[in-house]
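# Coordinate analysis (summary)
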There are 2 protein chains.
Amino acid sequence: MKLPLGYRYAATYAGIRKNKKDDLGLIVSDTPASAAAVFTQNRVQAAPVRIARFHLEQSRGLVSAVLINAGNANCATRTGDRVALACCDAVGKQLRVPVEQVFPASTGVIGVELETRLIVDALPKLVQRLASNRFEDVASAMLTTDTVMKTAREQVRLTKGVVRIAGLTKGSGMIQPNMATTLGFVMTDAAIPPATLASMLTEAVGRSYNRISVDGDTSTNDTMLLLANGASGIQPAEKERAKIQGALSKVMEDLARQIVRDGEGARKLVTIEVSGAAGDDAAERIARSIANSLLVKTAIAGSDPNWGRILSAAGNAGVAMDPSKVDIDLQEVAVCRGGLAADFSEPDLKKKLDAPECLIRVAFQGRGKGSARFWTCDLTEKYIEINASYRT
Amino acid sequence: MKLPLGYRYAATYAGIRKNKKDDLGLIVSDTPASAAAVFTQNRVQAAPVRIARFHLEQSRGLVSAVLINAGNANCATRTGDRVALACCDAVGKQLRVPVEQVFPASTGVIGVELETRLIVDALPKLVQRLASNRFEDVASAMLTTDTVMKTAREQVRLTKGVVRIAGLTKGSGMIQPNMATTLGFVMTDAAIPPATLASMLTEAVGRSYNRISVDGDTSTNDTMLLLANGASGIQPAEKERAKIQGALSKVMEDLARQIVRDGEGARKLVTIEVSGAAGDDAAERIARSIANSLLVKTAIAGSDPNWGRILSAAGNAGVAMDPSKVDIDLQEVAVCRGGLAADFSEPDLKKKLDAPECLIRVAFQGRGKGSARFWTCDLTEKYIEINASYRT
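In what follows, the accompanying structure is described. No experiment lies behind these values; they were computed from the predicted model shown.

### Some details on unusual backbone geometry
The backbone phi angle of Arg96(A) is positive, close to 55 degrees, even though this residue is not glycine. Its place among the elements puts Arg96(A) in the loop between α2 (80-95) and β4 (102-109). For Glu332(B), which is not glycine, the phi dihedral falls at a positive 70 degrees. Mapped onto the secondary structure, Glu332(B) falls in the loop between β11 (326-330) and β12 (333-337).

And the structure:
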């Protein structure tokens, strides 16, 4: 599948992290792209989050370049804003685009000053390397404790032709044993105005990134950026919106699932489906409560069909519910009916739970129409090992 | 320190759990005691919780006997209510007290039917054993994954004489690798009417049991019962209320801390103190968010002075805050001032964090008066090991 037209990519090692692996990435749109972004809800926000927000406002939603560094979150730093601004300024000068069209993003250790010089010195090489096929170089440069690269692509056939969507993301739990940080960048060559783009992004995030949990911690740097540069020459018609929204959601769900699958220490991707709840919101809260229960996550790690923990976690969601109406299935096996034990073979189900993907289905009997899907991973000793180790 | 007057205790092995260790306990007040109780907030509630609530209503807050079993939570069971009622009925008959003055409590595995016969058959022996000095037998019989018994005592000198308070509790995380369950029973020989007792219990629970977390999961059976039988012959005067409230809170805080110290797999008791917040409620939410952060708990396990995780967890509490006003101390060492790194020796602090008790202090600069204390434990590989193991 082809990448979206009109974007170029580059990565290099700037010396921000200790191990010599690319740590600086650049995405350039040949013409200023419409942009929409969502950021972490954490009250502690990193400097690049503040500057990215400020630049989007100043540029009225236009982005020409995205500068991403790994190895340092530039959060809780004395010089944070100044460094982020100086780096954007340098990128703007190199590329001859207004500084407010440069979007910064950082991921890495918190509370350590980031050196402007490292990034500015690396810029000429980075710009020189820019090429339309170096997409995966950027995907790789932004990784931290991730064990695999995370990208996704889709294309959508509209009446006037084909438009393409491609995304790259990172995240595994914590980085440089320090911060859970997720960054995501999705590019399309469709022509979509910023206001429309913002609502499309909100919709897609609500069904993807906002539906995953590795450890229940929200980072200070989380950023998701959607760019639409119109390089395909195609502006989707109003009635084609659902089609392109579907493709966008698919790309973002794919990326989000890749993060959970690569969760720190995780061996299993767990999908939680809740149905029959009073509303979608109630369903989501129940799914989230199950996804964040250490009891559930450790039971899955041990392939233990312990439905009592799932029922109890559902009861802790802060949502009104009647336990006697709850049905639970694990790997398509009925384990609980009407809040009581169903008749199933524990050894057989235990074997099924050894699979790399587990499905927890919670259904409320009755006429409720609320449903939600949520993704999490199992919790293993390896997670503790990764995160209890002393920073080095 | 003497136990409260007018109570007798007994425990025996009824065959509810597999390993042959006492699993049935009985507390009897020689005269009907004023009682106040609080129960789990989980929407899934065990049969004994329902019946205990019902009996307290029926008896207008009087309790003569408390029947406690370990090894089976009697939750999500077909026969749950019937079993709990039948057992209370048998106790009432044996002791010649009204059935509604019998308070049931269970802790153990969820979703497995509890056999009435086991308990009824053990009752004669249990009643025969009743003695005022068998307090610790009951404390021991109600334990599950706990590694130590948990009791606390206080006495209060009032103008008219001395009244005594004693409490016993259990809880460690999950039990019979299945459910996080806490039970607590506190007896006093002061004469206190039920309505006063209820408000005293609420006050004390708010500063003790509701301020601890091992793994963020609330069980289906959590029960805290406070009994006042007046056997001391002393009714505290209105102006002595604060004194007895203080002693009660002290007993319950002591019990709650014992639970956290014995948290599954825990090696360290962590105290979190938040001050200078907008209000006590905001302070508590921030403390709770830090206490439940897996990042913070694993950092403590690894003796890693990773204050960035603490700052980020505070930012995730859903409370308005200005990160640039945050000071953080670990083991009395300043690690963060005004949201930025303080100058400290990491190797020295790491050594200090190897202690069995850790103190995290978060202070907001300014004029906020809100404060809170909260207790949690570190998260170790052992926790996963205990909870990922298959039920046997």
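### Thoughts on the interface of chain A and chain B
Facing the 50 residues of chain A at the interface are 50 residues of chain B. Only α8 (294-301), α9 (307-315), β13 (340-341) and α11 (381-388) of chain A provide two or more residues apiece to the side of chain A that touches chain B. With six residues, the top contributor of residues to the side of chain A that touches chain B is α9(A). When grouped by side-chain class, the residues that make up the side of chain A that touches chain B number 21 nonpolar, 20 polar and nine charged.

### Brief notes about the environment of Cys88(B)
Residues and elements named next belong to chain B. Relative to the helices and strands, cysteine 88 is located in helix α2 (residues 80-95). For the pair cysteine 88 and valine 66, spaced 22 residues apart in the sequence, the C-alpha separation amounts to 8.9 Å. If we ignore the near neighbours within four places in the chain, the residues touching cysteine 88 are Ile51, His55, Leu67, Val99, Val102 and Pro104.

### Quick notes on the environment of Gly246(A)
All names here are of chain A. Mapped onto the secondary structure, glycine 246 falls in helix α6 (residues 241-261). The exposure class of glycine 246 is partly exposed, given the 13 C-beta atoms found within 10 Å. Residues glycine 246 and leucine 359, spaced 113 residues apart in sequence, show a C-alpha to C-alpha distance of 23 Å.

### A closer look at the sheet that holds β11(B)
Residues and elements named next belong to chain B. Judged by pairing direction, the sheet is mixed, and its seven strands sit side by side in the order β8-β15-β10-β14-β11-β12-β13 without closing on themselves. The outermost strands of the open sheet, each flanked by one partner alone, are β8 (212-213) and β13 (340-341). As paired elements, strand β10 (residues 269-277) and strand β15 (residues 370-377) share seven bridges and run antiparallel to each other. By the bridge assignment for β15, valine 274 is matched with alanine 372. Lying over the sheet, helix α6 (residues 241-261) contacts β8, β10 and β15, oriented at roughly 45 degrees with respect to β15.

Parameters at a glance
Residues numbered from 1 in each chain as written. Chains lettered and ligands numbered in written order. Predicted model: local features only at pLDDT ≥ 70, side-chain atom pairs only at ≥ 80, totals over all residues. Helix = DSSP H or I, 4+ residues; strand = E, 2+ residues; numbered from the N terminus. Contact = placed C-beta atoms within 7 Å. Nonpolar A, V, L, I, M, F, W, Y, C, P; charged D, E, K, R; others polar. Buried ≥ 20, exposed ≤ 12 C-beta atoms within 10 Å, placed from the backbone. Pairing = 2+ DSSP bridges. Axes fitted to C-alpha atoms, helices over the stretch in contact; angles between N-to-C directions.

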